[in-house]
Amino acid sequence: MSEKHKLQYLIELIDDSTEEVRTEVLKELNKYGTSLEQDLLSYSDILNTERMNLLQPVINSIRQKWLINTWESWQNLNDYYDRIESVLSIIAKYQYGIHNKYDLTRILDFITEDFMNRTPYGDELDLAYFLFKEKGISGSKEDYYNPLNSNAVYAIKEKKGLPITLSLIFILIGNRLGYKVFGCNFPGHFLAKVDLDDEIILVDCFNNGKIIYEEEFNSLLNNSHESVRKIIYDDIHPDVIIKRILNNLVTAYSYANDSQNHKLFSDLNNNTPYKSL
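All values derive from a computational prediction rather than experimental measurement.

Draft legend 1. Here's a closer look at the sheet that holds strand β5 (residues 199-204). Strand order in this open sheet of four strands is β3-β4-β5-β6, and the pairing throughout is antiparallel. Both outer strands of the open sheet, β3 (181-184) and β6 (210-212), are each paired with one neighbouring strand and no more. Put simply, the sheet's adjacent strands are angled 35° from each other on average, direction ignored. Inspection of the sheet shows β3 paired to strand β4 (residues 191-196) by four bridges, in the antiparallel sense.

Draft legend 2. Inspection of unusual backbone geometry at higher detail. Its identity as a non-glycine residue notwithstanding, K159 has a phi of 60°, on the positive side. Along the chain, K159 turns up in the loop between α8 (152-158) and β2 (160-161). Here D197, not a glycine, exhibits a phi torsion of approximately 55°, which is positive. Relative to the elements of secondary structure, D197 occurs in the loop between β4 and β5.

Draft legend 3. Expanded view of the pattern of salt bridges. Under the counting rule described, the total for this entry stands at 13 salt bridges. Linking R51 and D15 is a salt bridge whose minimum nitrogen-to-oxygen distance equals 3.2 Å. Separated by 36 residues along the polypeptide, R51 in helix α4 (residues 49-70) and D15 in the loop between α1 (4-13) and α2 (19-30) bring together distant segments of the chain. Overall, R51 belongs to the buried group, its relative accessible area being 14%. Assessed through its relative accessible area of 25%, D15 is described here as partly exposed. Between K157 and E158 there is a salt bridge whose closest N-O contact spans 3.5 Å. Of the residues examined, K157 reaches a relative accessible area of 35% and is grouped as partly exposed.

The rules behind these values
Residues numbered from 1 in each chain as written. Predicted model: local features only at pLDDT ≥ 70, side-chain atom pairs only at ≥ 80, totals over all residues. Heavy atoms only, no water. Pairing = 2+ DSSP bridges. Helix = DSSP H or I, 4+ residues; strand = E, 2+ residues; numbered from the N terminus. Axes fitted to C-alpha atoms, helices over the stretch in contact; angles between N-to-C directions. Salt bridge = Lys/Arg side-chain N within 4 Å of Asp/Glu carboxyl O. Buried < 20%, exposed > 50% of the residue type's maximum accessible area, 1.4 Å probe, protein only.

Below, the structure is given as structure tokens:
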């Protein structure tokens, strides 16, 4: 439970010269609760770099507890798109801070409104052009294994992300507009899939929204295994998408040599039920 009236004294003692005092302070801070990051803002005048470095493990621990306690909430949602958006929101809050100012749902709503105002009679391909050409959102090619590339808020702000992150932004905004935009669980490179006038069109969001028409990919599929054709044409369960996001985070934190987050997301991945259509 948070005790804000004590927080100033705890901050002032966190770099005390006595180890016993520092240990007791850390114990108290670890019990503070999820409001710690927010409450610390009130004491920015006494938070120097050294104290923040000492506080960071406590902040990380509180975020991890919050993530574990919050994670299953998306499993109570029945709507396809709500499940995906909830997971992306949770990941963004975890990586940016539980009380950060960025709200994924509001950001997606704002982009949707912006597109509608600019292109009132647009379609799925107009939306792809808007996001990946006009807005300039594209693949993070130079920093591919940065864990933030799985963060939809980061992808929108920094205009870069993983194929699946960019595709899901496209899908969630498309859903707000009533468009038929879906995921295509292509191995190694997640794609978006558009159903426009009864034609299936693939959109490579990572590569500036490159459009691949049905005639093009069908010609490439002539000599392909039937399983590849099945991946393109079959629907994909949202939980399969969520598992792929988790796998990406496990890999990214491994590359970052972040053992705590690697274990955290590995555990979430192992304990998250797997469903498919």
